[in-house]
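Each chain is listed here by its residues.
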Amino acid sequence: MLQRIQTVYLLISAGISAGLIFVFHLWTNASDVQVFVKDNNLYLGLFLASSFLSLVSIFRYKNRKSQFVLGRLNIILNFILLGLFVYQSLNLSGEADVSEKGIGILLPIFSIVFLVLANKAIKKDEDLVKSVDRLR
């Protein structure tokens, strides 16, 4: 059933991971050039993989356990992406590459929030189905 609330959360997460990465910049380097996700293939691949996992998870609505596992994998992927951003912005010395951080670095956090909400709703549905099965 595609009309459940976790579908909305997963669509928002996919939209953040696939759409907003082209709108918001990650950082501004020392020469005042804004760096977007499309400028780095690793970040682009991780964001698109996150979006793909969200979309696959939407269409796994008949198997809630695999939908839940895909959500967890997506959360882990976004934490890896967030860790790479933190490493990139903190480990570089001085004004070498990252001069000013952009809002694009926060996109994995927003995605994680919506993925956690989706997993919470999936778990709630699974518990509801289990409780109904006990009554039969």
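Residues numbered from 1 in each chain as written. Predicted model: local features only at pLDDT ≥ 70, side-chain atom pairs only at ≥ 80, totals over all residues. Heavy atoms only, no water.

A. Representation of a nonpolar patch on the surface within the structure. Together, Leu20, Val23, Phe24, Ile103, Leu106, Ile109, Phe110, Val113 and Leu117 make up a nonpolar patch on the protein surface, roughly 690 Å² of accessible area in all. Note that isoleucine 109 resides in helix H4 (residues 107-135). Its relative accessible area of 35% is what places isoleucine 109 among the partly exposed residues. (Patch = residues over 30% accessible without salt bridge, like charges linked within 9 Å, V, L, I, M, F, W, Y side chains within 5 Å. Areas by Shrake-Rupley, 256 points an atom, 1.4 Å probe, with all protein chains shown as cover. Salt bridge = Lys/Arg side-chain N within 4 Å of Asp/Glu carboxyl O. Helix = DSSP H or I, 4+ residues; strand = E, 2+ residues; numbered from the N terminus. Buried < 20%, exposed > 50% of the residue type's maximum accessible area, 1.4 Å probe, protein only.)

B. Seen up close, the packing of aromatic side chains. A complete count under the given rule lists 3 aromatic pairs for this structure. Their ring planes at 35 degrees and their centres at 6.0 Å tell us that phenylalanine 47 and phenylalanine 85 sit as a pair that is tilted. A residue pair is termed long-range when its members are at least 10 positions apart, and phenylalanine 47 in helix H2 (residues 41-58) and phenylalanine 85 in helix H3 (residues 64-91) qualify at 38 residues. Its relative accessible area of 0% is what places phenylalanine 85 among the buried residues. Among the aromatic residues, those joined into a cluster by ring pairs are Tyr43, Phe47 and Phe85. (Phe/Tyr/Trp six-rings, centres within 6.5 Å; stacked < 30°, edge-to-face > 60°.)

C. Focus on H2. Taking 1.5 Å of rise per residue, 18 residues should cover 26 Å, and H2 covers 26 Å from first to last C-alpha, within 8% of that figure. What H2 keeps buried is the set Tyr43, Leu44, Leu46, Phe47, Ser50, Ser51, Leu53, Ser54, Ser57 and Ile58. For H2, the side-chain oxygen to backbone nitrogen distance between the N-cap and leucine 42 is 3.1 Å, and the N-cap itself is asparagine 40. (Expected span 1.5 Å × (residues − 1). Polar contact = N/O pair within 3.5 Å; in protein donor to acceptor, adjacent residues only side chain to side chain.)

The values are spatial; any link to function lies outside them.
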